[in-house]
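# Coordinates in review
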Amino acid sequence: MASRLRLSGENPNPRPRSNYTPDSNDAAREGAAEWKPEARREVTDLGDGSELVHVPRFVPREAAWEWFDYLDKRIPWARPTIRVFGRSAVQPRDICYVSDEGLTDLKYSGHQPHAHSWDEFPVLKDILKAVHEALPGSHFNSLLLNRYKTGSDYVSWHADDESLYGPTPEIASVTFGCEREFLLRKKPTRSQASPGSGEAARKRLKVSAPQQHSFLLKHGSLLVMRGYTQRDWQHSVPKRAKASSPRINLTFRQVL
Ligand SMILES: O=C(O)CCC(=O)C(=O)O
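The text that follows walks through the structure, step by step, so that each part is easy to find. Keep in mind it's a predicted model, so treat the numbers as computed, not measured.

### Things to note about the overall build of the protein chain
- Of the regular secondary structure elements, the protein chain holds six helices and 14 strands.
- The buried share of the protein chain, taken over its 256 residues, is 30%.
- Long-range pairs, those at least 24 residues apart, make up 80% of the contacts in the protein chain between residues at least 6 apart in sequence.

If you want it as structure tokens, here you go:
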């Protein structure tokens, strides 16, 4: 029988019919009431005090689609203009920011997103509760939401190393919808960043190519970055021509 390799970005989880209507939170909230997160988790030790935890089936498939529909339709998504390397550019994905009151404002790439209240989005409180239960000891008080409408939307290499998160932030990332590749690479050391010139420098670069990891983040999955991951590593979600449907990603953080 003919079989074919599934490519990253193709959706292996065709969506079931949704009970969601724009006037009601009920279907999305029922999903939260009825499940316990799956215990199976994969831990990756990145070395030097950095760690990743991946829970591929954190939210059951149907509940995850209810939440996807709620988030897709009810979140006031915006696509701001940011400054990157001295140039203005429209951010290549939709975003929204939610946080507790009275925290230090989030600002990145010259942009300060409006901080919405959790009370505006009861479903986000349900998801936050599930994340807190899965990660004992965590105290997330803010959330950056990302929506990648197509495979042309992406986030380039960066680290969430803003000082408002402290030196060892825990960041919990929940994915809904189209699966996309999430890449990690070790930040270049000083000598890699400015290797000098000549053969010796080139050889030095060759032997110390940055370490990389790749995760296929599926519908309903949870990925946690911990310890010194933001200090020592960068992450990205690259463009993928095959990713034809939207992906929503929630990154829970603690502002200190
Ligand atoms: O979409 C993702 O999985 C990553 C999002 C991200 O890197 C960020 O919000 O800083």
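This is not the end of the story, as more comes after the structure.
### Here we look at the site of the ligand
- Around the ligand lies a shell formed by Leu 144, Asn 146, Val 155, Asp 160, Ser 173, Phe 182, Leu 217, His 235, Val 237, Asn 249 and Thr 251.
- Looking at the shell around the ligand, the elements that each hand over two or more residues are strand E7 (142–148), strand E13 (233–237) and strand E14 (247–253).
- Tallied by class, residues from the shell around the ligand come to five nonpolar, five polar and one charged.

### Structural notes on helix H2 (residues 61–74)
- For H2, with 14 residues, the first-to-last C-alpha span of 20 Å sits near the 20 Å given by 1.5 Å per residue.
- Within H2 the residues assigned to the buried category are Ala 63, Ala 64, Trp 65, Glu 66, Trp 67, Phe 68, Asp 69, Tyr 70 and Leu 71.

### Considering unusual backbone geometry
- The phi dihedral of Asp 48 is positive, around 50°, even though this residue is not glycine.
- Along the chain, Asp 48 turns up in the loop between strand E1 (42–47) and strand E2 (50–55).
- By the C-beta count within 10 Å, which is 12 here, Asp 48 ends up exposed.
- Backbone geometry places Ser 109, a non-glycine residue, at a positive phi of 45°.
- Considering the arrangement of structural elements, one finds Ser 109 in the loop between strand E5 (94–99) and strand E6 (115–116).
- Taking the C-beta count within 10 Å as the criterion, Ser 109 has 14 such neighbours and is therefore assigned partly exposed.

What counts as what
Residues numbered from 1 in each chain as written. Predicted model: local features only at pLDDT ≥ 70, side-chain atom pairs only at ≥ 80, totals over all residues. Helix = DSSP H or I, 4+ residues; strand = E, 2+ residues; numbered from the N terminus. Buried ≥ 20, exposed ≤ 12 C-beta atoms within 10 Å, placed from the backbone. Contact = placed C-beta atoms within 7 Å. Near = placed C-beta within 6 Å. Nonpolar A, V, L, I, M, F, W, Y, C, P; charged D, E, K, R; others polar. Expected span 1.5 Å × (residues − 1).

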